[in-house]
Amino acid sequence: MTSLDTVQAHIPGAVASDGISGASPADYFALLKPRVMSLVVFTALTGMALAPGGIHPVIGFVAILCIAVGAGASGALNMWYDADIDARMSRTRERPVPAGRVTPGEALGFGLTLAAGSVVVLGLTVNWLSAALLAFTIFFYVVVYTMWLKRRTPQNIVIGGAAGALPPVVGWAAVTGTVSVESLILFLIIFLWTPPHFWALALIRSDDYARAGVPMLPNVAGFAATQRQILVYAVLLAIAGVAPAILGFASIYYGIAAAVLGAGFVLDARWVGRMRENDPTMAAALRLFGYSILYLFVVFALLLLDRGAQLIGILA
Amino acid sequence: MENAVVAENGVRLTEEQRRRRRSRSVAIALVLAALVALFYVVTIVKLGSNVALRTF
């Protein structure tokens, strides 16, 4: 009996022994990781908005929908594969599969159907480059990150972060049919943002990750090494954040705002660096985790606003 | 309707299981209807004025 079976056997209302599903539509929606999906939609939309040229609004809507569903499929497949470790972590044990409301097979079928559907519809409706990039994103998240890296190396979220960083590239490709330096800068911002974001969480939840056997950096390399690496990535992120202004596809106003936001990120990372390992509150790590979410949202919102201002002629 | 059961193909569903199955069916129907509408609109957009230029 696997640990997942053990968990489900002790949960009232879990999947019945007769195999009848007790899932509600809300359980299937939860499989899509809607909070991650909203970030994916937002960054992909920014990629589309910044891309030169135009796209018909209906086709643009379909592109965003397919990217969102593709991201949701990745989430469902991740929950299918990771149900055993999700059951051991307090943050994830109420997810539909470990809680027994959706069977692993249902999650697998749901994820595969959405993955195939989103890629095919994006290819037929928009273009095949964006569809191929979306397929690669799903493959990278599910196979490379979830199946290969997550349980094996503390660099799991560094390399795996590429999957979360690809949506703006997919959005850009949906409009232009190409991958360019500008879209790769958007990729780089999210790619460099991912490690300090998740390591701040890993510092707070290191016991949880240790119980689940996930080799996050604090559990493997130690507290001090994690603090150092968070600072390194924060500095690199602050530089990448202003790159759109330096490369000329965002205004100087964006550049100034991004520099200030990046400086705030580095400052918070320095506070994490000064935090003691036995600090019961982990306040600095909590603060960085919260700030990192705000940072990414504001940077991409500023890029969108900047592009909007350029289009209506406020900015040159 | 406490502990109500429904016999179907030899399987006895509780009222709660029946309610959840119905809500899943309604959700699938709504998604399929939305897809039909979406594919129709996309087809019209893709055809555009080209529909008048086709050869017979």
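Residues numbered from 1 in each chain as written. Chains lettered and ligands numbered in written order. Predicted model: local features only at pLDDT ≥ 70, side-chain atom pairs only at ≥ 80, totals over all residues. Heavy atoms only, no water.

Undergrad: In this structure, what is going on with the overall build of chain B? I would like to understand it.
TA: A tally of regular secondary structure across chain B gives 1 helix and 2 strands. For chain B, the sequential pattern of α-helices and β-strands runs β-β-α. With 56 residues in all, chain B has 12% of them scored as buried. Carbon together with sulfur atoms contributes 63% to the accessible area of chain B, which is approximately 4700 Å² in total. (Helix = DSSP H or I, 4+ residues; strand = E, 2+ residues; numbered from the N terminus. Buried < 20%, exposed > 50% of the residue type's maximum accessible area, 1.4 Å probe, protein only. Areas by Shrake-Rupley, 256 points an atom, 1.4 Å probe, with all protein chains shown as cover.)

Undergrad: Please explain the interface of chain A and chain B as it appears in this structure.
TA: By convention, interface size is frequently given as the accessible area that disappears when the constituent parts associate. With 19 residues of chain A at the contact, the number on the chain B side is 13 residues. Here chain A and chain B share an interface that buries about 1200 Å² over both sides, 72% of which is from carbon and sulfur atoms. For chain A, the biggest contributors to the area lost against chain B are I20, P25 and V58 of chain A; these three give 33% of the whole. Our count for the chain A to chain B interface comes out at 3 residue pairs in polar contact (both at pLDDT 80 or more). Broken down by secondary-structure element, the contributors of at least two residues to the side of chain A that touches chain B are α2 (25-31), α4 (57-81) and α6 (104-125) of chain A. The biggest single contributor to the side of chain A that touches chain B is α4 of chain A, with 5 residues. Its residues placed into classes, the side of chain A that touches chain B shows 13 nonpolar, 5 polar and 1 charged. (Contact = heavy atoms within 4.5 Å. Buried area = accessible area lost by both parts, 1.4 Å probe. Polar contact = N/O pair within 3.5 Å; in protein donor to acceptor, adjacent residues only side chain to side chain. Nonpolar A, V, L, I, M, F, W, Y, C, P; charged D, E, K, R; others polar.)

Undergrad: What am I meant to see in the pattern of salt bridges here?
TA: Pairing between side chains becomes possible if they bear opposite charge and their charged atoms approach one another. Residue and element names in this part refer to chain A. A complete count under the given rule lists 11 salt bridges over all chains for this structure. Between R101 and D27 there is a salt bridge; the shortest N-O distance is 2.7 Å. With R101 in the loop between α5 (83-86) and α6 and D27 in helix α2, this residue pair connects regions lying 74 residues apart in the sequence. You can call D27 buried: its relative accessible area is 7%. (Salt bridge = Lys/Arg side-chain N within 4 Å of Asp/Glu carboxyl O.)

Undergrad: How should I be thinking about unusual backbone geometry in this particular structure?
TA: Not every positive phi belongs to a glycine, and K33 of chain A is a case in point at roughly 50 degrees. In this fold, K33 of chain A is placed in the loop between α2 and α3 (34-50).

Undergrad: Would you explain the environment of D82 of chain A in this entry?
TA: Residues and elements named next belong to chain A. Within the element layout of this structure, D82 appears in the loop between α4 and α5. Separated by 68 residues in sequence, D82 and K150 place their C-alpha atoms 9.6 Å apart. When residues no more than four places from it in sequence are discounted, the contact partners of D82 are T146, K150 and R151. A distance of 2.9 Å separates the side chain of D82 from the side chain of R151, its partner in a polar contact.

Undergrad: Can you walk me through the packing of helix α10 (residues 181-204) of chain A against helix α15 (residues 283-311) of chain A in this structure?
TA: Axis angle and axis distance: for two packed helices, these are the angle between their axes and the distance between the axes, and together they describe the pair. Residue and element names in this part refer to chain A. Where α10 contacts α15, the two axes come as close as 8 Å, and the packing angle between them is 160 degrees. Between α10 and α15, the angle is such that the two are roughly antiparallel. α15 is crossed by α10, and the crossing has left-handed handedness. Side by side, α10 and α15 meet where L186, I189, I190, W193, P196, H197, A200, L201, L203 and I204 of the first sit next to A285, L286, L288, F289, S292, I293, Y295, L296, F300 and L303 of the second. A class-by-class count of the residues in the contact of α10 with α15 yields 18 nonpolar, 2 polar and no charged. (Axes fitted to C-alpha atoms, helices over the stretch in contact; angles between N-to-C directions. Parallel < 35°, antiparallel > 145°, perpendicular 65-115°, else oblique. Left-handed = near helix turned anticlockwise from the far one by under 90°.)

Undergrad: Would you take a moment to explain the side chain of S183 of chain A for this structure?
TA: Mapped onto the secondary structure, S183 of chain A falls in helix α10. Once residues within four sequence positions are removed from consideration, S183 of chain A is found in contact with V169 and W172 of chain A.

Undergrad: Is there a simple way to think about the packing of aromatic side chains in this case?
TA: The relative placement of two aromatic rings is captured by the distance of their centres and the angle of their planes. Residues and elements named next belong to chain A. In this structure the tally under the stated criterion is 9 aromatic pairs over all chains. Between W199 and Y233, the aromatic rings sit 5.6 Å apart at their centres with planes inclined by 75 degrees, giving edge-to-face as the arrangement. Highlighted residues: W199 in helix α10 and Y233 in helix α13 (residues 223-246), separated in sequence by 34 residues. Just as W199 is buried, Y233 falls in that class too. Among the aromatic residues, those joined into a cluster by ring pairs are F265, Y291 and Y295. R274 extends its terminal NZ or CZ atom over the ring of W271, reaching a point 5.4 Å from the ring centre. (Phe/Tyr/Trp six-rings, centres within 6.5 Å; stacked < 30°, edge-to-face > 60°. Lys NZ or Arg CZ within 6 Å of the ring centre and 35° of its normal.)

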